[in-house]
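Survey of secondary and tertiary structure
Listed below, chain by chain, are the residues.
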Amino acid sequence: MKAPVRVAVTGAAGQIGYALLFRIASGEMLGKDQPVILQLLEIPDERAQNALKGVIMELEDCAFPLLAGIEAHSDPMTAFKDTDYALLVGSRPRGPGMERAELLSINGAIFIGQGKALNAVASRDVKVLVVGNPANTNAYIAMKSAPDLNPNNFTAMLRLDHNRAASQIAAKTGKAVADIEKLTVWGNHSPSMYADYRFATINGESVKSMINDEAWNRDVFLPTVGKRGAAIIAARGLSSAASAANAAIDHMRDWALGTNGKWVTMGIPSDGSYGIPKDVMFGFPVTCENGEYKIVQGLEIDEFSRERINFTLAELEEERAGVAHLLG
Ligand code: NAI
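Remember, it's a predicted structure, so these values are computed and weren't measured experimentally.

**Some details on the site of the ligand**
In the neighbourhood of the ligand, 23 residues make up the surrounding shell, with Gln 15, Ile 16, Glu 42, Ser 91 and Asn 133 lying closest. A distance of 2.6 Å separates an oxygen atom of the ligand from a polar side-chain atom of Glu 42. At 3.4 Å, a side-chain N or O of Gln 114 approaches a nitrogen atom of the ligand. Coverage of the ligand by the protein chains reaches 82% of its 860 Å² of free accessible surface. Assessed atom by atom at 2 Å from the grid points, the ligand resides in the largest pocket. Taken together, the elements giving at least two residues each to the shell around the ligand come down to α1 (15-25) and α4 (100-121). Taken together, the residues of the shell around the ligand sort by class into 11 nonpolar, 11 polar and 1 charged.

**Overview of the UniProt feature "domain: Lactate/malate dehydrogenase N-terminal" (unreviewed entry) in the protein**
Those residues carrying the UniProt feature "domain: Lactate/malate dehydrogenase N-terminal" (unreviewed entry) are residues 5-153 in this numbering. Between the end C-alpha atoms of residues 5-153 the distance is 16 Å, and the span holds 43% helix and 18% strand.

**A word on the confidence of the model for the protein**
Here the protein averages 97 in pLDDT, and 100% of its residues register 70 or above. This prediction of the complex comes with two scores: 0.98 for pTM and 0.98 for ipTM.

**Some points on the pairing of strand β2 (residues 36-41)**
Along β2, 6 of the 6 residues are buried, which leaves the element largely enclosed by surrounding structure. Judged by which residues are buried, β2 turns out to be covered on both faces: Val 36, Leu 38 and Leu 40 on one side and Ile 37, Gln 39 and Leu 41 on the other are all buried. Direction of pairing for strand β1 (residues 5-10) relative to β2: parallel, over a ladder of 6 bridges. Counted as the bridge partner of Val 5 is Val 36 from β2. Taken together, the 6 bridges between β2 and strand β3 (residues 67-73) define a ladder with parallel strand orientation. Its bridge partner being in β3, Val 36 is matched across the sheet by Leu 67. Note that the unit made of β2, helix α2 (residues 46-62) and β3 has a crossover that is right-handed.

**A look at the sheet that holds strand β11 (residues 205-206)**
Pairing between sheet strands relies on hydrogen bonds along the backbone, with the strands arranged either parallel or antiparallel. The strand order across the open sheet formed by 3 strands is β7-β10-β11, and the pairing between neighbours is antiparallel. Two strands close off the open sheet at either side, each with one partner strand: β7 (180-181) and β11. Both β7 and strand β10 (residues 201-202) contribute to a ladder of 2 bridges, which runs antiparallel. Note on β10: the bridge partner recorded for Glu 181 is Thr 201.

**Quick word on the nonpolar core**
The nonpolar side chains of a soluble globular protein tend to be buried with one another. The biggest cluster of nonpolar side chains holds 77 residues, and the ones touching the most others in it are Val 7, Leu 59 and Leu 87. Here the element with the most residues in this core is helix α10 (residues 242-257); it accounts for 8 residues. When near neighbours in sequence (up to four residues on either side) are disregarded, Leu 59 contacts Leu 21, Phe 22, Ala 25, Leu 38, Leu 40, Phe 64, Leu 67 and Ile 70. Membership of the second largest hydrophobic core comes to 28 residues, among which are Ala 8, Leu 118, Met 143 and Ala 146.

Rules of the game
Residues numbered from 1 in each chain as written. Predicted model: local features only at pLDDT ≥ 70, side-chain atom pairs only at ≥ 80, totals over all residues. Heavy atoms only, no water. Near = heavy atom within 4 Å. Polar contact = N/O pair within 3.5 Å; in protein donor to acceptor, adjacent residues only side chain to side chain. Areas by Shrake-Rupley, 256 points an atom, 1.4 Å probe, with all protein chains shown as cover. 1 Å grid on protein atoms, 1.4 Å probe; cavity = no way out; pocket = protein on both sides within 12 Å on 5 of 7 lines; lining within 4 Å. Sits in = over half its atoms within 2 Å of the grid points. Helix = DSSP H or I, 4+ residues; strand = E, 2+ residues; numbered from the N terminus. Nonpolar A, V, L, I, M, F, W, Y, C, P; charged D, E, K, R; others polar. UniProt positions renumbered as here; feature names shortened; annotations may be inferred. pLDDT = per-residue confidence, 0-100. Buried < 20%, exposed > 50% of the residue type's maximum accessible area, 1.4 Å probe, protein only. Pairing = 2+ DSSP bridges. Right-handed = clockwise from strand over helix to strand, strands pointing away. Core = buried A, V, L, I, M, F, W, Y, C linked by side-chain atoms within 4.5 Å. Contact = heavy atoms within 4.5 Å.

See the structure below:
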């Protein structure tokens, strides 16, 4: 058996936490031969800490063979100690009447603190996934607040958008979701993202030619994927949690264990590829190998795609400008 690795999860008593922790502990994220120690962070508030205690009792009651330890924390400086993986799920949701600027600044404070704590105490190879919204900008803030860590260790979750796009394409073509390759989602985890199936194949056949319907792409597919989160809130009365947790598992598993050449979408700091300014936390098509991701290069960006990419980029640039004062 391998030595245990440390996995920190913030917002551990929330809805995504409840759908996530049991799967991490059962080995679905890092493999069925990889023991894990869970380091769970919640706000100091008594209700949250009590709820966390309850979740821990349930984790204990599963008697997961791979669960080598569980810790409850209220301070990121202890929660992130020596952690190898950090899933930053907890954030402050947008309240009624809250302006975007206010949302960005409240979350700015959270992710500056957590970035600094990771910088101070986490493993130097920590892999960080930010799920809490606004995910890309929160990840950017954490990255900028951790100058001693490799910026490439910070990522944002676009995988839910990717999986949503794959599911819509499978339904449209009547093919199996597992057979879809070379799909990607560019940009921000927000309705502005650009889900792009121009390069996608199913059993080697082009998805674009199979669908052959630009109006469907523009008027049905993109709005459906972009507004899926809102549709789930309208139907369920709560935001997507199980599918978000599932996407987080997919993202971390692929990053840690590799994709065997398969494309996946990750929000990562841009290296300047495709004209995206350096450091913008942007959804790109990547492949993963040996614990590292690599942007798929050489894709042609046609006029429609450039427009969509510029649109989602403009939103991210605006968010980045909105938090610049917090980062000094
Ligand atoms: P939730 O409200 O059920 O749980 C969030 C938990 O985080 C709460 O228990 C809260 O006490 C905790 N928390 C808040 N601030 C914290 C901090 N500074 N440190 C530690 N814990 C903290 O929310 P839910 O449904 O679990 O969603 C979590 C986040 O994930 C939200 O921001 C949501 O918008 C986002 N999300 C992102 C998706 C993506 O694709 N990137 C998809 C779905 C949700």
